[in-house]
Amino acid sequence: MPDTADWLIAALAAEGVAIVFGNPGSTELPLVDAFARQNRVRYVLGLHETSVMGMADGYAQSTGTMAVVNVHVQPGIANSLSGLINAARARVPVLVTVGQQVTGMLNEQPFLGGDVLSPAAPFAKGLWEPRRVDDLPWVLARAIRLARTPPYGPVVVSLPMDVLVSDAPDVAHTPVGWGRAPAPDAPEIAALAARLRAAEHPVVLVGDGVAHAGVARQVAALAERLGAPMLGEPWASRVSVHANHPLWSGPLPIFGAEIRERLGANDLAIAIGMPTFRLFGSSPGPTLDVATALVVVDEGPPELSAGVDPIQAIEADLVLTSDALVAALGPADRRALARRDAVVATRAAARRAQRRAVPVAHGPGITPAGFARGLAGVIGPRDIVVDESLTAGRALRTLLGPRAPGSWYAHRGSALGWGLPAAVGMAIAHPERRVVCTHGDGSLLFGIHALWTAARLGVRLAVIVADNGGYEILRAGMEGMTGHPDGEWPGLAIRDPGLDIAQIARGFGVPADAVSDASELAGALGRVMARAATGPAVLVVRIVGTTPAIGYPIAPQHHPARA
Ligand SMILES: Cc1ncc(C[n+]2csc(CCOP(=O)(O)OP(=O)(O)O)c2C)c(N)n1
Ligand SMILES: [Mg+2]
């Protein structure tokens with residue numbers, strides 16, 4: 001007679017789940033045993049929960065499916081929290097199952113039990129602990145449906161051991177499919193179309209939600225009919241609209257004061273599929289000038305920051321809403337065509353200037369710009385790029401030029417250690433494509449365990465590590481905060497001893513090289529890319545030179561060190 005663990009795996013298979021990413025403990029042994037009894041759902045082991053969560057995140061983001069994770073009791077969920085933060089921020093549907101002690105023992109504070117839900121509560125859309133086997137079917141159905149209802153996000157289900165080893169529920173799981181946001185109201189669409197038509201200088205703000213909903217074409221059509229520039233949200237992690245679109249004008253900045261300035265000439269901004277606005281920190285004054293009206297369109301309640309007050313908010317399905325808006329707007333009028341020509345001309349010139357502004361390296365060392373230039377020379381349009389390279393890769397996006405949706409992913413959450421595991425998850429999902437992961441040395445260490453899974457599965461993955469000996473972004477932030485370019489601070493450098501990342505990678509079973517001479521960079525990059533055609537490979541690039549000072553999350557005039 002199959003037990004509940006078999007039932008659970010069959011239920012996941014019925015939902016189209018092909019892989020469970022996990023790290024087991026004794027509470028998970030019945031499940032691990034059940035995995036061995038079937039071949040519909042694969043168990044992929046990660047050696048730390050940061051890797052498990054990151055792999056699931058990358059897998060889900062790049063396939064547009066829900067990922068499933070299994071971790072071990074309180075320590076497992078505790079180690080998963082950084083991944084939950086990242087998944088929640090990036091609106092990734094992930095079902096996290098977590099082992100639990102026998103329910104009857106929970107009040108005794110036993111070794112393997114405790115509250116596994118509360119730690120995840122700030123990040124999960126919903127959390128459940130079925131205490132009777134009869135509760136598992138409806139809990140699972142509700143959890144999966146909620147994760148897959150926009151805005152997507154992680155959900156958590158605790159799996160007590162006594163439930164897991166019970167006889168299976170006598171109902172088979174019926175797939176719950178995907179939820180959709182409601183259709184927009186026709187009068188709302190008409191009112192918005194009228195507003196957009198009346199605007200003198202409209203601008204379209206494009207969030208990651210556009211990529212999630214697959215409405216790049218409609219959003220570009222909207223911008224074309226308005227003759228309006230398209231700007232990406234701050235901290236975008238996806239290519240929402242193909243960046244070679246002539247109206248694409250790059251991302252918004254990350255401070256409110258900068259956004260106000262950037263949108264200062266626009267009397268109407270329409271923000272689609274994004275928070276308005278997720279800021280890096282505080283800056284003086286409001287985020288939008290009174291002359292810039294805002295309209296928000298998203299699949300859930302608008303995520304507004306302080307003082308941002310939209311004149312209209314539509315909470316509805318993005319496909320239906322953008323289709324309806326394009327239809328309601330009709331073809332571009334003369335004013336829109338004139339605006340379009342002006343935007344196209346300034347954008348083309350700005351793009352050329354941006355590329356020219358990336359410094360050309362001189363001397364034997366590899367500078368951040370040299371690193372980015374080298375990479376841009378070897379990354380192809382079909383490669384999937386996963387970027388957590390922070391300062392060293394800053395120019396990469398500009399130099400790479402336009403990327404198609406699904407070929408560039410960046411870190412959206414704030415918890416380091418997403419990039420490498422996410423890249424491994426994407427490489428598992430897309431064996432037909434090469435994945436290129438660009439990473440900082442400091443951030444790499446947070447998710448380093450994923451290298452083992454990459455080696456174990458032999459995925460086609462090139463990991464290029466910018467080794468600048470520490471946390472350069474924090475040093476640049478310290479320079480911005482204190483005005484001192486070369487002070488000595490504790491906690492910002494990884495030196496004495498430095499890391500031998502190539503050696504660490506080899507320890508995980510991944511071939512690795514290091515390069516420090518600019519004249520050897522192109523050759524070394526060529527070799528790691530060639531190696532990645534058949535399995536994972538690492539190249540450590542030693543970086544010289546610093547990056548310019550960056551803004552501190554509290555504007556300098558509020559900080560005593562600069563006052
Ligand atoms: C889990 C977690 N811990 C700490 C931080 C703070 N933090 C942000 S950036 C950073 C350093 C990143 O260093 P590296 O990846 O080497 O990039 P670099 O700044 O050198 O370009 C740190 C420690 C964080 N964001 N997440
Ligand atoms: Mg670094």
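None of these values were measured; they are calculated from a predicted model.

Calculation criteria
- Residues numbered from 1 in each chain as written.
- Chains lettered and ligands numbered in written order.
- Predicted model: local features only at pLDDT ≥ 70, side-chain atom pairs only at ≥ 80, totals over all residues.
- Axes fitted to C-alpha atoms, helices over the stretch in contact; angles between N-to-C directions.
- Helix = DSSP H or I, 4+ residues; strand = E, 2+ residues; numbered from the N terminus.
- Parallel < 35°, antiparallel > 145°, perpendicular 65-115°, else oblique.
- Left-handed = near helix turned anticlockwise from the far one by under 90°.
- Contact = placed C-beta atoms within 7 Å.
- Nonpolar A, V, L, I, M, F, W, Y, C, P; charged D, E, K, R; others polar.
- Domains from an automatic or database assignment.
- Buried ≥ 20, exposed ≤ 12 C-beta atoms within 10 Å, placed from the backbone.
- Arc of directions from axis to C-beta.
- Pairing = 2+ DSSP bridges.

1. A look at the packing of helix α13 (residues 368–378) against helix α20 (residues 518–531)
Two elements in contact, α13 and α20, have axes separated by 10 Å at closest approach and are oriented at 40°. Considered as vectors, α13 and α20 are oriented oblique to each other. Seen along the crossing, α13 lies across α20 with a hand that is right-handed. Between α13, through Gly370, Gly374, Leu375, Gly377 and Val378, and α20, the contact on the second element is made entirely by Ala518, Leu521, Ala522, Leu525, Gly526 and Met529. Grouping the constituent residues of the contact of α13 with α20 by class yields seven nonpolar, four polar and no charged.

2. Regarding the domain arrangement of the protein
Looking at the protein, the domain boundaries give domain 1 (4–164), domain 2 (186–354) and domain 3 (358–542). One C-alpha centre belongs to domain 1, the other to domain 3, and the line joining them spans 30 Å. Contact residues are listed per partner, giving 21 residues for domain 1 and 25 residues for domain 3. Secondary-structure elements contributing two or more residues to the side of domain 1 that touches domain 3 are β2 (42–45), α3 (49–63) and α4 (73–89). When residues in the side of domain 1 that touches domain 3 are grouped by element, the largest group, 11 residues, is from α3. Looking at side-chain class alone, the side of domain 1 that touches domain 3 contains eight nonpolar, 11 polar and two charged residues.

3. Considerations on the packing of helix α9 (residues 216–226) against helix α11 (residues 318–329)
Two elements in contact, α9 and α11, have axes separated by 9 Å at closest approach and are oriented at 25°. Relative to α11, the element α9 lies roughly parallel. The crossing of α9 and α11 is left-handed. Contact with α9, carried on its side by Gln218, Val219, Ala221, Leu222 and Arg225, involves Ser322, Asp323, Leu325, Val326 and Leu329 of α11 and no other residues of that element.

4. Some details on helix α18 (residues 472–482)
Since the α-helix packs 3.6 residues into each turn, any two residues three or four apart lie on the same face. If you check which residues of α18 are buried, you get Glu472, Arg475, Ala476 and Met478. Relative to the axis of α18, the buried residues are bounded by an arc of 155° and lie together on one face. Immediately beyond the C-terminal end of α18, within one or two residues, lies Gly483, with a positive phi of roughly 80°.

5. Comments concerning unusual backbone geometry
Note the cis peptide between Thr276 and Phe277, where omega equals 0°. With respect to the helices, strands and loops of the structure, Phe277 is situated in the loop between β10 (268–272) and β11 (293–298). Positioned with a positive phi, Arg91 is a non-glycine residue whose angle comes to about 55°. Inspection of the secondary structure puts Arg91 in the loop between α4 and β4 (94–100). For Arg91, a count of 22 C-beta atoms within 10 Å translates into the label buried. Phi is positive for Asp496, close to 50°, though the residue is something other than glycine. Its location among the elements puts Asp496 in the loop between α18 and α19 (501–507). Accessibility expressed as a C-beta count within 10 Å gives 6 for Asp496, which makes it exposed.

6. A few points about the pairing of strand β17 (residues 512–515)
Where β17 lies against strand β18 (residues 537–542), four bridges are found, and the strand directions are parallel. Within the sheet, the bridge partner assigned to Asp513 lies in β18 and is Leu539.

7. A word on the sheet that holds β2
Taken together, the six strands give an open sheet; going across it, the order is β2-β1-β3-β4-β6-β5, and neighbouring strands pair in parallel fashion. Where the open sheet ends on each side, the last strands, each with one partner, are β2 and β5 (127–128). Bridge analysis of strand β1 (residues 19–22) against β2 gives four bridges, and the strand direction is parallel. Across the sheet, residue Val20 finds its bridge partner in β2, namely Tyr43. Packed on one face of the sheet, α3 meets β1, β2, β3 (67–71) and β4 and runs near 170° to β3.

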